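So you can see what is in the structure, the chains are spelled out below.
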Amino acid sequence: MNSIYKNIRETLLPAILNSYSIIFFLNNRFMAIAVMLATFLNFYAGLSGLFAVIITVLLANSLGFDKVQLRNGILSFNALITGIGLGTFFDPGIVFFTLLALSSVLTLILSVALGGWLFKYGLPFLSIPFILAFWFVVLPSSLYENLGLTQRNIFWINEMYSVGGSSLLSIYQYIESWELNKLLEIYLRSLSSIFFQNNLITGIIIALALLISSRIFFSLSVIGFISAYIFAQFSGSEAASITYYNIGANFMMVAIAMGGFFVIPSKSSYLWTILLVPLTSIVLVFFTKLFSFIQLPVFSLPYSIITILFVHFLQQRSSQKKLVLTPIQHYSPETNLYAYLNNKERLNRFLFYPVQLPFWGEWTVTQGHDGAFTHKDEWGKAFDFMVLDDEKKSYKSTGLTCDDYYCFGKPVTAPADGFVMDVVEHIEDNAIGEVNTTHNWGNSIVVQHITGLYSQISHLKKGSVKVKKGDFVKCGDVVAQCGNSGRSPYPHLHFQLQHYPVIGSKTVDYPISYFINIQNKSLEQFSRPEVNTVVTNLRQHPFLYNAFNILPDTNLKIYTKDENGNEKTEHWDAYTDAFNYKYLHSRETDAVAYYTCDNMMFYFTAFYGSRKSLLYYFFLSAYKVLLSETNIPVDDNIPIHLLENKKLISSLNDFTAPFFNFLKAGYTEKVEQIDHSLDTSEIEIKTEISISTFGKKSVKAKSKIRINQHGLDSFDYISDKKVIHAKRLI
């Protein structure tokens, strides 16, 4: 019994609701209820739509189709539109509902079949299943006895009276009597026509629901409408096939789909939206003429064709500098945009295998990428390092021997784990000022870290190499000493990344994962040190690493008690998904927080679920934690949609976000060692979240995380609206 109730609550009910909101590419309960309400203004059409959705959802669930697609409404929204359409044009009755049930099954089959074909190419099926199913019923409809085509729009006011009485009818007639601006009236009626209606009240409901649910989609619907109207004025309404339905179901839907759903909202997507409207009109006129011979309505076919073709068109590019296809679909353009902008900067580390500097201590970059001396052309993306003193000298005494140079003989370390692919160690070190152009690279080591990524360390000291070809080395292992062999007039260390295992291969532009800029006292992440910069590696703090390297199958029990004495306990379980991404799952709230942990940094990367969960507050508190002995603050950005902000300010930012963000959220973390003994037993981490509005910064929340020998001990989250004191129970 519990499993049945759980299936209804977690799958069937969300699937039914999302069938309504997904028409506008949203998974939003408010939008779903608003659309459902609007469809029931034409009662039998609304009832038919709901009946079709229920049939489709139950059938898809019983046959075991994908739960995610089912919950999102992707498998059932076409059945909804089919039901609304049939309920609008056909009289209700036993024969009708039998035909409607069969049409729902047909729509599901078409959705699954078309989806299976198009999804292989990353393409949507949109409303094509509805169009085909409706055609299959409309064309032979005269052959069905007891089923007559009606002009229900003529009589549906009477049905409204029978459902809602004189009160509902009075409201409808009052709103219809409003003398609105011509453009506003056409806009609202066009929205209502998406559901085969022609009235202001439905248009107002849908417009307000769009505005509340998504400011970006609302603005795109306006842009799509205005573009269609201007094009109609230019070419003539008849030539452009301008009707309320075509404006709503074709032009405005193209604008919403391509301006903010399949593409990350931006200036470019908004401009292309304007261009796609006349293209849709061309397709619309063609199919209107073509199908007039067989008396079939075009419906939203032009919108589907243009959207599918344009998505496939964008997929063929070699790069996505503009018009970026949405990488992860959150069914909200605002969430898509904020997550993309944040992840583009914050998570670019996932594009690179972590590589550190190949030495201990503080070294100076004497030649960087595309340097002034030898780093040219295909070998330009390399670094030269030396050790300098306070006077910027690289040597002591006269500097006439290699031993005078501070870096000569210093340990050289492996920049990352890998296998040694090539070693040269027999070349003599040069006298100061001389170079060996016969063996240009001198003594060198090449290490393969992953497929297609190799590091080369050159000009090593003769006889200092400690590894041989085929050895496996760990990051930080000493592999040799700095020398003066090859084309090297004075001792220094040459370091480059390359795609091939051959010494002297072409260099690749590749960042150093983490290092400290000594002059600025700043942490640099996945960047390239500039010339004359003094840099040093981070050193991992084992205590912190062990605490935050949360392995799969780990269980954390978290307890809290508020000021009113209310107790709460959550159990967090660590898992990996099908793509090998790690996440924490709260059993009690079903919230999920994705994370990653490399040798130096712990990141939370995404959160889904209830914001009342303790996991949500831990996600904010430990959003990013440096796992190093170096006590340097770490700064980061949090997507603004993950925080509770003032509705008016955040809504205004939603309107401007495709062009510029005036609202930003920042995060700062700093590790403080409470127990300063050599045997550390407790560490406290302090974090802070701030909001910046037009550059004016204010602190939103502060957190403290305590780590002991068992790992996470407790955390506090304090804001003006929420105070959490949570402790881990062992």
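Per chain, the residues get numbers from 1 upward, laid out in the order the sequence is written. The predicted origin of the model limits local features to residues at a pLDDT of at least 70 and limits the giving and counting of side-chain atom pairs to 80 or more, whereas totals for whole chains, interfaces and linings rest on all residues. Excluding hydrogens and water, the side-chain values take into account all heavy atoms of the structure.

### What to know about the sheet that holds strand β17 (residues 601-608)
As a reminder, the rule being used: Two strands make a pair as long as DSSP finds a minimum of two bridges between them. By definition, any uninterrupted DSSP run of H or I lasting at least four residues is a helix, any uninterrupted run of E lasting at least two residues is a strand, and each is numbered from the N terminus. Axis lines are fitted through C-alpha atoms, for helices just across the contact stretch, and the angle between N-to-C directions can take any value from 0 to 180 degrees. Residue contacts follow a heavy-atom distance rule, with two residues in contact if any of their heavy atoms lie within 4.5 Å.
Read across the sheet, twelve strands follow the order β18-β17-β16-β15-β14-β13-β24-β23-β22-β21-β20-β19 without closing on themselves; strand pairing throughout is antiparallel. Each edge of the open sheet is held by one strand with a lone partner, namely β18 (624-626) and β19 (634-638). Taking each pair of neighbouring strands and ignoring which way they run, the sheet shows an average axis angle of 25°. Strand direction decides the pairing type here: β19 and strand β20 (residues 663-673), joined by five bridges, are antiparallel. Residue pairing across strands places D636 opposite Y667, the latter belonging to β20. Packing against the sheet, helix α15 (residues 333-346) makes contact with β17, β18 and β19, and its axis sits at approximately 155° to β19.

### Remarks on the pattern of salt bridges
Oppositely charged side chains are able to pair whenever their charged atoms sit close together. Defined as follows: Any carboxyl oxygen of Asp or Glu within 4 Å of a side-chain nitrogen of Lys or Arg constitutes a salt bridge here.
What the rule picks out here adds up to 16 salt bridges. Among the salt bridges present, the one from E428 reaches K462, with a minimum N-O distance of 2.4 Å. Taken as a pair, E428 in the loop between β4 (418-424) and β5 (443-450) and K462 in the loop between β6 (453-460) and β7 (472-473) lie far apart in primary sequence, 34 residues in all. Through salt bridges with shared partners, a single network forms among E684, R706 and D716.

### Here's the deal with the nonpolar core
We apply this condition: Nine residue types can take part in a nonpolar core, namely buried Ala, Val, Leu, Ile, Met, Phe, Trp, Tyr and Cys, and a core is a set of them joined through side-chain atoms within 4.5 Å. With a 1.4 Å probe rolled over the protein chains alone, any residue whose accessible area is under 20% of its type maximum counts as buried; one over 50% counts as exposed, and the rest are partly exposed.
Core analysis: the biggest nonpolar cluster contains 156 residues, and F24, F25, F548, F602, F604 and I707 have the highest contact counts within it. Broken down by element, this core gets its largest block of residues, eleven residues, from helix α12 (residues 244-261). In contact with F24, not counting residues within four places along its chain, are M31, V35, I194, F195, I206, L210, F217, M253 and I256. Ranked by size, the runner-up nonpolar core spans 32 residues in total, among them A480, L493, Y510 and F515.

### Brief notes about helix α7 (residues 128-138)
With respect to burial, α7 is a largely interior element, nine of its eleven residues being buried. Residues of α7 that are buried: I128, P129, F130, I131, A133, F134, W135, V137 and V138. Residues of α7 that are buried sit in contact with α5 (77-89), α6 (94-118), α12, α13 (267-292) and α14 (301-315).

### Section: the side chain of N517
We apply this condition: Each polar contact in these results corresponds to two N or O atoms within 3.5 Å; when the atoms are within protein, one needs to be able to donate a hydrogen and the other to accept it, and residues that are neighboring in sequence are counted only if both atoms are side-chain atoms.
The topology assignment puts N517 in strand β10 (residues 512-517). Overall, the relative accessible area of 10% leaves N517 in the buried class. Here Q519 takes part through its backbone nitrogen, which lies 3.1 Å from a polar atom of the side chain of N517. At 3.1 Å, the side chain of N517 forms a polar contact with the backbone nitrogen of N520. In contact with N517, other than residues within four places in its own chain, are S522, E524, T533 and V534.

### Description of the sheet that holds strand β9 (residues 493-498)
Strand order in the open sheet formed by ten strands is β7-β4-β5-β6-β9-β2-β1-β12-β10-β11, with antiparallel pairing between adjacent strands. In this open sheet, the two edge strands, each paired with only one partner strand, are β7 and β11 (522-527).

### A word on the packing of helix α11 (residues 215-235) against helix α18 (residues 647-656)
Operational definition: When describing relative orientation, an angle under 35 degrees is termed roughly parallel and one over 145 degrees roughly antiparallel, while 65 to 115 degrees is termed roughly perpendicular and anything else oblique. Handedness of each helix crossing follows the sense of rotation of the near helix against the far helix: counterclockwise by less than a right angle gives left-handed, clockwise gives right-handed. Asp, Glu, Lys and Arg are counted as charged, while Ala, Val, Leu, Ile, Met, Phe, Trp, Tyr, Cys and Pro are counted as nonpolar; the rest, among them Gly, fall into the polar class.
Where α11 meets α18, the axes come as close as 8 Å, and the angle between the chain directions of the two elements is 45°. One way to sum up the angle between α11 and α18 is to call them oblique. Pair α11 / α18 crosses with right-handed handedness. Where α11 approaches α18, its residues R215, I216, F218 and S219 are matched on the opposing element by S651, D654 and F655. The residue inventory of the contact of α11 with α18, partitioned by class, reads three nonpolar, two polar and two charged.

### A word on unusual backbone geometry
Glycine aside, the phi torsion of most residues is negative, and most peptide linkages are trans. A positive phi angle, near 55°, is found at L126, a position not held by glycine. On the secondary structure map, L126 appears in the loop between α6 and α7. Phi is positive for K521, which is not a glycine, with a value near 55°. Structurally, the position occupied by K521 is in the loop between β10 and β11.

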